[in-house]
Amino acid sequence: MIGVFGGTFDPIHVGHVAIANEVAGGFKMDQVLFVPNSRSPLRQTPIATGQDRSEMCRLATRENPIFSVSTVEIDRDGPSYAIDTIEILREAYPDDELALIAGMDIVDELLEWRDSSRLLENTLMIVVERPGFDEAKLRDVARELGAEDRILPHRTTPLDISSTEIRRRIKAGLAYRHLLHDHVYQYIVRHGLYRDR
Ligand code: ATP
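Residues numbered from 1 in each chain as written. Predicted model: local features only at pLDDT ≥ 70, side-chain atom pairs only at ≥ 80, totals over all residues. Heavy atoms only, no water.

S.K.: Could you clarify how one ought to interpret the sheet that holds strand β2 (residues 31-36) in this entry?
M.R.: Paired through their backbone hydrogen bonds, the strands of a sheet run either parallel or antiparallel. The parallel open sheet is built from 6 strands, whose spatial order is β3-β2-β1-β4-β5-β6. In this open sheet, the two strands that pair with only one neighbour each are β3 (67-69) and β6 (151-154). On average, each strand axis in the sheet is tilted by 25° relative to the strand beside it, whichever way the strands run. Pairing of strand β4 (residues 98-103) with strand β5 (residues 124-128) involves 5 bridges; the strand directions are parallel. Each residue of the ladder has a partner; that of Ala 99, found in β5, is Leu 124. (Pairing = 2+ DSSP bridges. Helix = DSSP H or I, 4+ residues; strand = E, 2+ residues; numbered from the N terminus. Axes fitted to C-alpha atoms, helices over the stretch in contact; angles between N-to-C directions.)

S.K.: Please clarify how the site of the ligand should be interpreted in this entry.
M.R.: Lining the immediate environment of the ligand, one finds 21 residues, of which Asp 105, Arg 130, Leu 159, Ser 163 and Thr 164 sit closest. Within the side chain of Asp 105, an N or O atom sits 2.4 Å from an oxygen atom of the ligand. Contacts to the ligand include Thr 164, whose side-chain N or O atom sits 2.4 Å from an oxygen atom. At the level of secondary structure, the elements contributing two or more residues to the shell around the ligand comprise β1 (2-7), α1 (14-26), β4 and α7 (163-172). (Near = heavy atom within 4 Å. Polar contact = N/O pair within 3.5 Å; in protein donor to acceptor, adjacent residues only side chain to side chain.)

S.K.: Hey, could you run me through unusual backbone geometry in this one?
M.R.: For residues that are not glycine, phi is negative in most cases, and the peptide bond is trans in most cases. The residue after Asp 10, namely Pro 11, is reached through a cis peptide bond having omega 5°. If you trace the backbone, Pro 11 turns up in the loop between β1 and α1. Non-glycine residue Phe 9 carries a positive phi angle of around 50°. Within the secondary structure layout, Phe 9 lies in the loop between β1 and α1. One non-glycine residue, Tyr 194, adopts positive backbone phi at about 65°. Of note, Tyr 194 is situated in the segment after α8 (182-191). Accessibility expressed as a relative area gives 4% for Tyr 194, which makes it buried. (Buried < 20%, exposed > 50% of the residue type's maximum accessible area, 1.4 Å probe, protein only.)

S.K.: What am I meant to see in α1 here?
M.R.: Residues that lie three or four places apart on an α-helix share one face, since the helix turns once every 3.6 residues. Here α1 contains 13 residues, and its C-alpha end-to-end distance of 18 Å stays within 8% of the 18 Å for a straight helix at 1.5 Å per residue. For α1, every residue scored as buried is listed here: Gly 15, His 16, Val 17, Ile 19, Ala 20, Val 23 and Ala 24. (Expected span 1.5 Å × (residues − 1).)

S.K.: I keep staring at the packing of aromatic side chains and nothing clicks. Help me out?
M.R.: Describing an aromatic ring pair means giving the distance of the ring centres and the angle of the ring planes. Tallying each qualifying case throughout the model produces 5 aromatic pairs. Ring centres 5.1 Å apart and planes at 65° place the aromatic pair Phe 34 and Phe 67 in the edge-to-face group. One end of the pair, Phe 34, is in strand β2; the other, Phe 67, is in strand β3, with 33 residues separating them in the sequence. Relative accessible area serves as the criterion here: at 0%, Phe 34 is assigned to the buried category. One Lys or Arg, Arg 114, reaches over the ring of Tyr 81 and ends 3.8 Å from the middle of that ring. (Phe/Tyr/Trp six-rings, centres within 6.5 Å; stacked < 30°, edge-to-face > 60°. Lys NZ or Arg CZ within 6 Å of the ring centre and 35° of its normal.)

S.K.: I tried to follow the side chain of Asp 10 on my own but got confused; where do I start?
M.R.: Among the secondary structure elements, Asp 10 is positioned in the loop between β1 and α1. Buried and unpaired, Asp 10 has no salt bridge, with Arg 167 as the nearest side chain of opposite charge at 4.1 Å. Within polar-contact distance, the side chain of Asp 10 engages the backbone nitrogen of Ala 48 at 3.2 Å. At a separation of 2.6 Å, a polar atom in the side chain of Asp 10 contacts the side chain of Tyr 194. If we ignore the near neighbours within four places in the chain, the residues touching Asp 10 are Pro 46, Ile 47, Ala 48, Arg 53, Ser 163, Arg 167 and Tyr 194. (Lys, Arg positive; Asp, Glu negative; His and termini not counted. Salt bridge = Lys/Arg side-chain N within 4 Å of Asp/Glu carboxyl O. Contact = heavy atoms within 4.5 Å.)

S.K.: What should I look at first to understand the pairing of β5 in this one?
M.R.: Consecutive side chains of a regular strand alternate in pointing toward one face of the sheet and then the other. Extensive coverage of β5 is indicated by the burial of 5 of its 5 residues. Going residue by residue along β5, you find Leu 124, Ile 126 and Val 128 tucked away on one face and Met 125 and Val 127 tucked away on the opposite face as well. Examined bridge by bridge, β5 and β6 share 4 bridges and lie parallel to one another. Bridge pairing in β6 places Val 128 opposite His 154. Viewed along the sheet, the connection from β5 through helix α6 (residues 135-144) into β6 turns out right-handed. (Right-handed = clockwise from strand over helix to strand, strands pointing away.)

S.K.: How should I be thinking about the pattern of salt bridges in this particular structure?
M.R.: Pairs may arise between side chains of opposite charge once their charged atoms sit close together. Under the counting rule described, the total for this entry stands at 13 salt bridges. Across the pair Asp 108 and Lys 137 runs a salt bridge whose closest N-O atoms are separated by 2.8 Å. Separated by 29 residues along the polypeptide, Asp 108 in the loop between β4 and α5 (116-119) and Lys 137 in helix α6 bring together distant segments of the chain. Overall, Asp 108 belongs to the partly exposed group, its relative accessible area being 43%. For Asp 182, the salt bridge is made with Arg 177, and the minimal N-O distance between the two is 2.8 Å.

Remember, this is a structural readout, not a statement about activity or role.
This is the structure we're talking about:
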């Protein structure tokens, strides 16, 4: 099984890497692809460039041999739709089962995703808990999409960390190094990322 972990990763933080580790272990995944998006149709435009966000993903994941970074969404300009990404990855990995990995906050968006029912016909979605988000709502959404057996809630160590909070701390001059892989921290400092926004 190949995990497909999409996100803005603006920047990637220790919560992301912890989730990927726990899900990969729990589902005995052969690989996890981190897929930074170029622009989410439902969210604000990322602050850092696709190149910076991909590079930070590489730095945070390079010590784990089953992790890699796919630039399939960054390379394709315009909004990133999971359905397109999964179709491309299915061609690249015809013999593997693909499983999307996401945090519980996707419950607020999933019904608006393009072709979400079709997406979930052939793809598992493993949804990890996130402090402040409700599992009951996820079950309702799964029912609405007819995908109760394809959307699997998965318990991981709850980590109340977000990229938004990290960017806020950087801008405010607060401590944030402990929330990132150290190479990502160094990259942010070296490139002066997130200081103004
Ligand atoms: P932002 O604060 O900018 O929205 P984020 O921290 O939510 O960023 P994303 O890049 O949007 O990070 O996250 C990618 C995926 O990882 C999403 O599915 C999100 O739900 C999940 N995720 C991120 N942080 C956590 C966390 N601490 N616990 C559980 N899931 C998380």
